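The lines below spell out each chain.
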Amino acid sequence: MFQIGLTGGIASGKSTVVAMLRQLGAGIIDCDQIAHDVVRPGSEGLKAVADAFGPHTLCADGTMDRAYIGRVVFGNREKKAQLEGILFPLIQRGINDTIEIIEKNKKNPVIFLDMPLLFEIKYNTYVDEAWLVYVDPTTQLSRLMARNHYTRDEAMARIHAQLPIDTKRSLAQVIIDNTGSLEDTEEQVRYEWHELMKRIQSGE
Ligand SMILES: CC(C)(COP(=O)(O)OP(=O)(O)OC[C@H]1O[C@@H](n2cnc3c(N)ncnc32)[C@H](O)[C@@H]1O)[C@@H](O)C(=O)NCCC(=O)NCCS
Ligand SMILES: Nc1ncnc2c1ncn2[C@@H]1O[C@H](COP(=O)(O)OP(=O)(O)OP(=O)(O)O)[C@@H](O)[C@H]1O
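Now for a description of the structure that goes with this document. Bear in mind the structure is a predicted one, so any value in this text is a computation, not a measurement.

### Here's the deal with the site of ligand 1
Moving on, step 1. Within the structure, ligand 1 sits among 20 residues, and D32, R66, K80, E84 and Q162 are positioned closest to it.
Moving on, step 2. One nitrogen or oxygen atom from the side chain of E84 is found 2.7 Å from a nitrogen atom belonging to ligand 1.
Moving on, step 3. Against a free-state accessible area of 760 Å², the protein chains account for coverage of 89% of ligand 1.
Moving on, step 4. Listed by contribution, the elements that provide at least two residues to the shell around ligand 1 are α2 (31-37), α4 (66-73) and α5 (77-105).
Moving on, step 5. Looking at the shell around ligand 1 element by element, the count peaks at 5 residues for α5.
Moving on, step 6. For the shell around ligand 1, the class distribution of residues is 14 nonpolar, 2 polar and 4 charged.
Moving on, step 7. Both domain 1 (1-26 + 108-204) and domain 2 (39-97) contribute no fewer than three residues apiece to the shell around ligand 1.

Have a look at this one:
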C-alpha cells in the first residue's frame, strides 16, 4: 500500500493537515500518539524512561511528567539521544503494528505517517513520498507559543531540536504551505490529494 511520510516543523500544522487528509479517505498513523502510547502508565517504555531519568519522570498519578522530560531533553543533545534510544524501537514496533492493521482493513488507498522526525531519523527512505507541511519561521514561533503557552526560549529550544525547515523543504516531494489561512491550506491539500490519486491510478 502506498505510504507517505508527512512531516513539518513543530507546530507547522501537521495535525491540521492530517485532519483534512483523513476527511479525504487517507489512513493515518500518528507517531506522536504512538510515542505517547509507549510511555502510558505501567508500560515497559515508561519504566525504562524512569530508570534512566530518575524519580522526577513520574507524576503523582503514575503518568510521565512530560513537561519535566521536555525541559531535560530539549536543548540537551545527549539527553535527547538517550530518550530516543529508549523510545524509538518501541515507536517503530507501534508503527509496524498499525500499518499491518490498516493494510488488513484495505479501506484506504494510501497511508500517511504523521512523523515529526521523518528526515531526522531518515525514515523518508522507507516511504514512497515525503510531504512537508511548511510554515514560515515567524508564524511557526507565534503559533507554538500561543498553543503551548511557552516562553520564546522554550519554543525556540523545541524548534532548534529539529532540522531547519528549509532543509526539510529540499528533501520533500510535495510541500503544503500552511502559513496562510486554513482555507488556503485546505485548497492545497485537496489539489495534492487528487494529483496523488492520479499518480497511484497510473501506477507511477
Ligand atoms: C520530550 C517529550 C516527553 C515532550 O512531550 P510533550 O508532550 O511536551 O511534547 P509532544 O510529545 O506532544 O511533542 C510535541 C512536538 O515536539 C517535537 N518532538 C517530540 N520529540 C522530539 C524529538 N525527539 N526531537 C525533536 N523534536 C521532538 C515534535 O514536533 C512533536 O510533534 C516528548 O516529545 C517525547 O517523548 N519525545 C521523544 C519521542 C519522540 O521522538 N517523538 C516524536 C517522533 S515520533
Ligand atoms: N493555517 C493556520 N492558521 C492559523 N492557525 C493555524 C493554522 N494551522 C495550524 N494552526 C494552529 O497552529 C497550531 C499548530 O498546529 P498543529 O497542532 O496542527 O501543528 P503540528 O505540526 O501538528 O504540531 P506538533 O508538531 O506540536 O504536533 C495549532 O494551535 C493550530 O490550531
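### Considering the packing of aromatic side chains
Moving on, step 1. Applying the stated criterion across every chain yields a total of 3 aromatic pairs.
Moving on, step 2. Between F112 and W131, the ring centres sit 5.0 Å apart and the planes meet at 80°, which makes this aromatic pair edge-to-face. Placement of F112 in strand β3 (residues 110-114) and of W131 in strand β4 (residues 129-134) is noted, with a sequence separation of 19 residues between them. The burial state of F112 is the same as that of W131; both residues are buried.
Moving on, step 3. The interplanar angle of 50° and the centroid separation of 5.1 Å between the aromatic rings of Y123 and Y126 together place this pair among those described as tilted.
Moving on, step 4. Connected via pairs of aromatic rings, a cluster forms that spans F112, W131 and W193.
Moving on, step 5. The ring of F53 carries K79 above its face, with NZ or CZ at 5.8 Å from the centroid.
Moving on, step 6. Of note, R169 hangs over the ring of Y134, and the distance from its end group to the ring centre comes to 4.3 Å.

### Considerations on the site of ligand 2
Moving on, step 1. Close to ligand 2 lie 15 residues, the nearest being K14, S15, T16, R147 and N178.
Moving on, step 2. Within the side chain of K14, a nitrogen or oxygen atom sits 2.7 Å from an oxygen atom of ligand 2.
Moving on, step 3. Starting from 640 Å² of accessible surface for ligand 2 in isolation, the protein chains cover 74%.
Moving on, step 4. Counting residues per element, the ones that place at least two in the shell around ligand 2 are α1 (14-23) and α6 (137-148).
Moving on, step 5. Looking at which element gives the most residues to the shell around ligand 2, the answer is α1, with 3 residues.
Moving on, step 6. Counted by class, the shell around ligand 2 contains 3 nonpolar, 8 polar and 4 charged residues.

### Considerations on the nonpolar core
Moving on, step 1. If you look at the biggest cluster of nonpolar residues, it comprises 33 residues, and the most contacted ones within it are I29, V49, I69, L87 and I95.
Moving on, step 2. For this core, the secondary structure elements donating two or more residues are α2, α3 (44-53), α4, α5, β3 and β4.
Moving on, step 3. A per-element tally of this core places α5 first, with 8 residues.
Moving on, step 4. Setting aside its immediate chain neighbours within four residues, I95 contacts I29, C31, I34, L113, M115 and Y123.

Thresholds applied
Residues numbered from 1 in each chain as written. Chains lettered and ligands numbered in written order. Predicted model: local features only at pLDDT ≥ 70, side-chain atom pairs only at ≥ 80, totals over all residues. Heavy atoms only, no water. Near = heavy atom within 4 Å. Polar contact = N/O pair within 3.5 Å; in protein donor to acceptor, adjacent residues only side chain to side chain. Areas by Shrake-Rupley, 256 points an atom, 1.4 Å probe, with all protein chains shown as cover. Helix = DSSP H or I, 4+ residues; strand = E, 2+ residues; numbered from the N terminus. Nonpolar A, V, L, I, M, F, W, Y, C, P; charged D, E, K, R; others polar. Domains from an automatic or database assignment. Phe/Tyr/Trp six-rings, centres within 6.5 Å; stacked < 30°, edge-to-face > 60°. Buried < 20%, exposed > 50% of the residue type's maximum accessible area, 1.4 Å probe, protein only. Lys NZ or Arg CZ within 6 Å of the ring centre and 35° of its normal. Core = buried A, V, L, I, M, F, W, Y, C linked by side-chain atoms within 4.5 Å. Contact = heavy atoms within 4.5 Å.

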